[in-house]
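Listed below are the residues making up each chain.
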Number of protein chains: 2
Amino acid sequence: MTITVNVELGSRSYPIFIGSALLETAGERIAVLRPAARCAIVTDVNVDAAHGDALRKSLSQAGIEHSTIVIPAGEASKSFAMLETVVDAIIGAKLERRDLVIAFGGGVVGDLAGFAASIVRRGMDFVQIPTSLLAQVDSSVGGKTGINTQRGKNLVGAFHQPVMVIADTNVLRTLPAREFRAGYAEVVKYGLINKPEFFDWLEAGREGIFGFGNELGEAVATSCRAKAEVVAADETETGMRALLNLGHTFGHALEGATGYDSARLVHGEGVSIGMTLAHEFSNHMNLCDADSVIRVRDHLRAVGLPVSVSEIPGNPLDAATLMKFIAQDKKVSRGRLTFILTKGLGQSYIADDVSPEKVMSFLEEKTLK
Amino acid sequence: MTITVNVELGSRSYPIFIGSALLETAGERIAVLRPAARCAIVTDVNVDAAHGDALRKSLSQAGIEHSTIVIPAGEASKSFAMLETVVDAIIGAKLERRDLVIAFGGGVVGDLAGFAASIVRRGMDFVQIPTSLLAQVDSSVGGKTGINTQRGKNLVGAFHQPVMVIADTNVLRTLPAREFRAGYAEVVKYGLINKPEFFDWLEAGREGIFGFGNELGEAVATSCRAKAEVVAADETETGMRALLNLGHTFGHALEGATGYDSARLVHGEGVSIGMTLAHEFSNHMNLCDADSVIRVRDHLRAVGLPVSVSEIPGNPLDAATLMKFIAQDKKVSRGRLTFILTKGLGQSYIADDVSPEKVMSFLEEKTLK
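Basis of the calculations
Residues numbered from 1 in each chain as written. Chains lettered and ligands numbered in written order. Predicted model: local features only at pLDDT ≥ 70, side-chain atom pairs only at ≥ 80, totals over all residues. Heavy atoms only, no water. Helix = DSSP H or I, 4+ residues; strand = E, 2+ residues; numbered from the N terminus. Rg over C-alpha atoms; globule rule 2.2 N^0.38 Å. Buried < 20%, exposed > 50% of the residue type's maximum accessible area, 1.4 Å probe, protein only. Contact = heavy atoms within 4.5 Å. Areas by Shrake-Rupley, 256 points an atom, 1.4 Å probe, with all protein chains shown as cover. Lys, Arg positive; Asp, Glu negative; His and termini not counted. Charge placed at Lys NZ, Arg CZ, Asp CG, Glu CD. Least-squares fit on C-alpha atoms with pLDDT ≥ 70 in both. Pairing = 2+ DSSP bridges. Axes fitted to C-alpha atoms, helices over the stretch in contact; angles between N-to-C directions. Phe/Tyr/Trp six-rings, centres within 6.5 Å; stacked < 30°, edge-to-face > 60°. Lys NZ or Arg CZ within 6 Å of the ring centre and 35° of its normal. Domains from an automatic or database assignment. Buried area = accessible area lost by both parts, 1.4 Å probe. Salt bridge = Lys/Arg side-chain N within 4 Å of Asp/Glu carboxyl O. Nonpolar A, V, L, I, M, F, W, Y, C, P; charged D, E, K, R; others polar. Polar contact = N/O pair within 3.5 Å; in protein donor to acceptor, adjacent residues only side chain to side chain. pLDDT = per-residue confidence, 0-100.

### Re the overall build of chain A
Consideration 1: The helix and strand tally for chain A stands at 13 helices and twelve strands.
Consideration 2: Computed over the C-alpha atoms, the radius of gyration of chain A is 20 Å, within 12% of the 21 Å expected from 2.2 N^0.38 for a compact globule of 369 residues.
Consideration 3: Considering only C-alpha atoms, chain A reaches an extent of 60 × 40 × 40 Å along its principal axes.
Consideration 4: Here chain A, with 369 residues, has 60% of them falling under the buried criterion.
Consideration 5: Taking the contacts inside chain A whose residues are at least 6 apart along the sequence as the reference set, 74% of them involve residues at least 24 apart.
Consideration 6: Working note: accessible area of chain A is about 13500 Å², and carbon and sulfur atoms make up 49% of it.
Consideration 7: Within chain A, one finds 37 positive and 43 negative side-chain charges whose respective centroids are separated by 4 Å.

### Describing the relation of the copies chain A and chain B
Consideration 1: Expressed as a screw operation, the relation of chain A to chain B combines 0.0 Å of axial shift with a rotation of 180 degrees, fitting to an RMSD of 0.0 Å. Viewed as a symmetry operation, the transformation between the two copies matches a two-fold axis. Considering only C-alpha atoms, the residue of chain A closest to the rotation axis is F80 of chain A, which sits at 4.1 Å.
Consideration 2: Both copies present the same face, since 100% of the interface residues in chain A are matched by interface residues at the equivalent positions in chain B.

### Looking at the sheet that holds strand β9 (residues 164-168) of chain A
All names here are of chain A.
Consideration 1: Read from one edge of the open sheet, seven strands run β1-β2-β9-β6-β5-β3-β4, paired in mixed fashion. Pairing within the sheet leaves two strands with one partner each, and these edge strands are β1 (3-7) and β4 (66-71). The mean angle between the axes of side-by-side strands here comes to 20 degrees, regardless of whether they run parallel or antiparallel.
Consideration 2: Taken together, the five bridges between strand β3 (residues 39-44) and strand β5 (residues 100-105) define a ladder with parallel strand orientation. Pairing of T43 across the sheet is with F104, part of β5.
Consideration 3: Lying over the sheet, helix α3 (residues 80-92) contacts β3, β4 and β5, oriented at roughly 170 degrees with respect to β4.

### A look at the packing of aromatic side chains
When we look at a pair of aromatic rings, we describe it by the centre distance and by the angle of the planes.
Consideration 1: Taken as a whole, this structure holds 18 aromatic pairs over all chains when the rule is applied.
Consideration 2: An aromatic cluster is present here, built from F180, Y184, F210 and F212 of chain A joined pairwise through their rings.
Consideration 3: Between R29 of chain B and the ring centre of F17 of chain B, over which it is positioned, the NZ or CZ distance is 4.2 Å.

### Focus: the sheet that holds strand β2 (residues 14-19) of chain B
Residues and elements named next belong to chain B.
Consideration 1: Reading across the sheet, the seven strands line up as β1-β2-β9-β6-β5-β3-β4 and stay open at both edges, with mixed pairing between neighbours. Across the chains shown, the open sheet's two edge strands, defined by having one partner strand only, are β1 (3-7) and β4 (66-71). Between one strand axis and the next, the sheet turns by 20 degrees as a mean value, whatever way the strands run.
Consideration 2: Bridge analysis of β2 against strand β9 (residues 164-168) gives four bridges, and the strand direction is parallel. By the bridge assignment, G19 is partnered in β9 with D168.
Consideration 3: Packing against the sheet, helix α1 (residues 26-33) makes contact with β2, β3 (39-44), β5 (100-105), β6 (125-130) and β9, and its axis sits at approximately 170 degrees to β9.
Consideration 4: Sitting on the sheet, helix α8 (residues 214-233) touches β1 and β2, and the angle it makes with β1 is about 10 degrees.

### Here's the deal with the domain arrangement of chain A
Residue and element names in this part refer to chain A.
Consideration 1: As assigned here, chain A comprises domain 1 (3-173) and domain 2 (177-366).
Consideration 2: Computed over C-alpha atoms only, the centres of domain 1 and domain 2 are separated by 26 Å.
Consideration 3: The interface of domain 1 with domain 2 comprises 29 residues on the first partner and 31 residues on the second.
Consideration 4: Buried area between domain 1 and domain 2, summed over both chains or domains, comes out near 2600 Å², and the portion from carbon and sulfur atoms is 67%.
Consideration 5: When residues of domain 1 are sorted by the area they lose upon contact with domain 2, L133, V137 and K153 head the list and together hold 23% of the total.
Consideration 6: Inspection of the domain 1/domain 2 interface yields two salt bridges.
Consideration 7: One salt bridge in this structure joins K227 and D138, with 2.7 Å as the shortest N-O distance.
Consideration 8: Examining the composition of the side of domain 1 that touches domain 2, we find that six residues originate from one element, helix α5 (residues 133-139), more than from any other.
Consideration 9: Grouping the constituent residues of the side of domain 1 that touches domain 2 by class yields twelve nonpolar, ten polar and seven charged.

### Points about the side chain of R122 of chain B
Consideration 1: Counting through the fold element by element, R122 of chain B comes out in the loop between α4 (107-119) and β6.
Consideration 2: Separated by 2.9 Å, the side chain of R122 of chain B and the backbone oxygen of T145 of chain A make a polar contact.

### Details of the confidence of the model for chain A
Consideration 1: Per-residue pLDDT for chain A averages 93, and the proportion of residues at 70 or more is 97%.
Consideration 2: Both confidence scores are given for the complex: pTM 0.87, ipTM 0.85.

### Regarding the interface of chain A and chain B
Consideration 1: Contacts between the two partners involve 36 residues from chain A and, on the opposite side, 36 residues from chain B.
Consideration 2: In total, about 3300 Å² of surface goes out of reach between chain A and chain B, with carbon and sulfur atoms giving 50% of it.
Consideration 3: Viewed at the interface, chain B and chain A are joined by two salt bridges.
Consideration 4: D88 of chain A is the salt-bridge partner of R151 of chain B, the closest N and O atoms lying 3.4 Å from each other.
Consideration 5: Our count for the chain A to chain B interface comes out at eight residue pairs in polar contact (both at pLDDT 80 or more).
Consideration 6: Within the residue set of the side of chain A that touches chain B, elements represented by two or more residues are α3, α4 (107-119), β7 (144-149), β8 (152-159) and β10 (332-333) of chain A.
Consideration 7: When residues of the side of chain A that touches chain B are assigned to their parent elements, the largest contribution, seven residues, is made by α3 of chain A.
Consideration 8: Here the residues of the side of chain A that touches chain B sort into 14 nonpolar, nine polar and 13 charged.

Here it is in structure tokens:
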């Protein structure tokens, strides 16, 4: 069963195909979309080893000329140096304007290859084949691409929409369990933003999802649809798109404070702790009932995700360090902090006048050992 | 006298202010446009030395906080390394989303700073204050930004429109005569594309222009208006915007073949020779009358611009080398060449099926010593 979610963005609209065993037919879909186009596959060493041949076989069978650019796995590849390498390789592959870049991998590959595509010849089209749960439910929608700098995560990038996304849930079977869980945090997020009934469904259906049942494709599709709704309403993140940052201001600060060391914390784990903190902070500000906080925390914990700062291994994190990273976050406006807070399960909203002092005192409490 | 040209691009529309002594009031205009915004000025050492204080004084008088990022002058600054430096400096200046980057300089600064602005935080607004004639009549309209790579010029970049352009013709008085002339080649181009009456006016009025009379501001304004018309009709260069490349396919090849060595050839000189070649090639193909070729060549020569390959100092260029660069040019589509040809003065059109063999034999004739 293949589910199609259309991301409606006017002339930049595109389909997301979700299902199992879609990698095998990727070549056909691309040939239909863009006859006679050549492709440069950008992927990382792990994805290349596990699934590269399957994709190349599919492209060849569809008569598509292709070359492969392999980058090291891991967040460190989201750098200026690797951007230059990939850009140079795409140009070197002699792709013309109507040809395609294929971003084949998780979030790092998607962000880097999408950004590279956006700046080669001032914008080349790209197809995204996300191979992690996080990438399927998050970066497959919204067109955010980018790299990190010494000064922070994703501070450099572009909005660049793919022309097609192919999300094959079979590919997720080779993901490490920890990475699958981390991606699941973003699935939960869509329920917590504004779909309480989806959160209920997840509470009931999590075994099917984690057992690679049909529920997994449905959860991916619902997540993509939820994100697409928000993005369609606000493509460049000036307004309600900020809701997608639920848990992310805290989460980014945790990632920054742990030096993006994936041994200690991966993005989805940061989001899991961040969403829990956002609910706890909302409760602390008398905005959100305690029951909702407990349901969120229990569900995330039940699937094996961390929900508190103290669960992060290594040196304890202190509130001042976290505040420093929060202040650097790109969602700062004229000295007041913008946070996504919630009035209860699935009732998140954008609060753009949060007092740094209140966040600080809350964090001090949360980082006490 | 200040002339305002509005570039109509829907939500990305912006004004170009053209006149003398506009630098002194730049701060006021920026304060009106974006109250309380802070600015990061990106400029080169020469412009900073000649006009930096005047701009900073104007900003300070208008109560605008600012910092300055100074890059080396010259085409070599359009590199990945310098892009990273400028991006890092903009982020380091702690600009927030509503703040502004000011691109203060010629084409190199505009292309680099505009591109940097486009990718910091996935897109920051920028104001352009072009200080060369070329930048005032060319890069001030169209939103093309970018850098060079080993493989070619402007192969990496973004379409990113400024929010305002301030073109002060007084600033042009400090330009070297050679650079002023080179910029003038692009002014002539607008006449040759589709405004024969503007070309007539230039033939009659060139002394006023080169004497910094009122004709200069008028010529800049007419050029900006001409380019704005084309760009508004075709923002991302899929169709008629290609007309702006009149003389540029040959010109870029000449620049490439001379290694972008400005001692031998600057961009506008390449365009001057390129436009002459485009008319000669059109005549060679029996498309354009000989009288038009002569008028174009005579006018360019009269202002001191080169009009033939043999005028380029240094080792003679050969046809095969030029063809190699033409084939790498981004306006290649499926093996046929796209050239801007002309049916006579001011009657340029896009020819997308030019035979590489005919270009080669024409170039062989033109590069014979």
